[in-house]
Every structure is written in C-alpha cells, then in structure tokens.
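One letter stands for each residue in the lines below.
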Amino acid sequence: MGLAAAAALGRAGRSATVLEQFEFGHDRGSSHGTARIFKVSYPEPQFVRLAQESLVRWRELEDQTGDEILMMTGMLDVGRIEGRREALKECGADFEFLAAAMIVLISQ
Ligand SMILES: Cc1cc2nc3c(=O)[nH]c(=O)nc-3n(C[C@H](O)[C@H](O)[C@H](O)COP(=O)(O)OP(=O)(O)OC[C@H]3O[C@@H](n4cnc5c(N)ncnc54)[C@H](O)[C@@H]3O)c2cc1C
C-alpha cells in the first residue's frame, strides 16, 4: 500500500520517500506467497469498482516493469450471494452464477 501510494504521488508529480523497517523483499508483511486471491465479487458496488480499478493498475505496473505480476486462473467464489449479482451487474463485471448441482458436475 505504501509503495502504491508513493507511485501514485509520483504520477501526480509529487515526490515521496518510503521507509521500510526490514530488508527489500522480506517476508514479514501481512501475507506472502506466489498464489493469492484476486476477485471483483463483492456485495458493495464501490468495492467491485475498486477491484476493477486495481486490475487496471496491476496491468499498468506489468507494462512498466515488463514482468507478469498477476496471472489470473479463474475463480469459484462459494458462499453468500446476497447483493453480489446486483453489484457485479451494475459494474459490468464478467461473472456467472452456478447452482450447487452445477459445481458438483464441473468438479467431477
Ligand atoms: C493470512 C493472510 C492472507 C491474505 N490473503 C490475501 C489474498 O489472498 N489476497 C489479497 O488481496 N489480500 C490478502 N491478504 C491481505 C493482504 O496481504 C494485505 O491487504 C496487504 O498485504 C496489505 O498491504 P500493506 O502494504 O498495507 O501492508 P503490509 O504488506 O503488511 O506492508 C506493511 C509494510 O510496512 C512495514 N512497516 C510496518 N511498520 C513499520 C515501521 N514502523 N517502520 C517502517 N516500516 C514499517 C512492514 O515491515 C511491511 O513491509 C491476506 C492477509 C493475510 C494476513
């Protein structure tokens, strides 16, 4: 978040200094690893839009660095669906709702 904020300031023509208590690339932040969840499925449209916007930023970062940072593999979000369909529709997100029986079929 600190680096993203500093980068945003840089894009806005401001200078920023980021202070890190550990060494570069350390593994003592919130969470680490090569596989992480990236999703736009939220019941609140503002969070869906935030996630959509962040995807644009990830791709921009990839263009700037020449590295593939975020590889999407598809995702099955299981759980409460209240409000999600409406929020995803409102934000023009690509999604599909599956009934439980369909999920059993797909996983076989
Ligand atoms: C178990 C777990 C799983 C998660 N899984 C996911 C996931 O699948 N998908 C997802 O999107 N999010 C996930 N998250 C959330 C995600 O990890 C955090 O939202 C994100 O890392 C927060 O980034 P950050 O930069 O705010 O904090 P951090 O990544 O914690 O970075 C904070 C940095 O500040 C430094 N710092 C702290 N205090 C000081 C100080 N006083 N002086 C100098 N430096 C300091 C720390 O050393 C650290 O490098 C997960 C979180 C956890 C705990």
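Source: prediction; values computed, not measured. (Residues numbered from 1 in each chain as written. Predicted model: local features only at pLDDT ≥ 70, side-chain atom pairs only at ≥ 80, totals over all residues. Heavy atoms only, no water.)

Asker: How should the overall build of the protein be read in this particular structure?
Answerer: Tallying secondary structure elements over the protein gives four helices and zero strands in all. Along the protein, helices (α) and strands (β) appear in the sequence α-α-α-α when read from the amino end. The C-alpha radius of gyration computed for the protein amounts to 18 Å, which surpasses the reference 13 Å derived for 108 residues by more than 25%, pointing to a less compact arrangement than a globule. The proportion of buried residues among the 108 residues of the protein is 13%. Contacts in the protein between residues far apart in sequence, at least 24 positions, make up 46% of those at least 6 positions apart. Each charge sign in the protein was given a centre, from 12 positive and 16 negative side chains, and these centres are 5 Å apart. (Helix = DSSP H or I, 4+ residues; strand = E, 2+ residues; numbered from the N terminus. Rg over C-alpha atoms; globule rule 2.2 N^0.38 Å. Buried < 20%, exposed > 50% of the residue type's maximum accessible area, 1.4 Å probe, protein only. Contact = heavy atoms within 4.5 Å. Lys, Arg positive; Asp, Glu negative; His and termini not counted. Charge placed at Lys NZ, Arg CZ, Asp CG, Glu CD.)

Asker: Can you walk me through the layout of surface pockets in this structure?
Answerer: Empty space among the atoms becomes visible once a probe the size of a water molecule is rolled across them. Approximately 260 Å³ is the volume found for the second largest pocket. Every residue along the wall of the second largest pocket is listed here: Ile 37, Phe 38, Lys 39, Tyr 42, Phe 47, Leu 50, Ala 51, Glu 53, Ser 54 and Trp 58. Taken together, the residues of the lining of the second largest pocket break down into seven nonpolar, one polar and two charged. (1 Å grid on protein atoms, 1.4 Å probe; cavity = no way out; pocket = protein on both sides within 12 Å on 5 of 7 lines; lining within 4 Å. Points joined across faces, edges and corners; volume = space filled by probe spheres on them. Nonpolar A, V, L, I, M, F, W, Y, C, P; charged D, E, K, R; others polar.)

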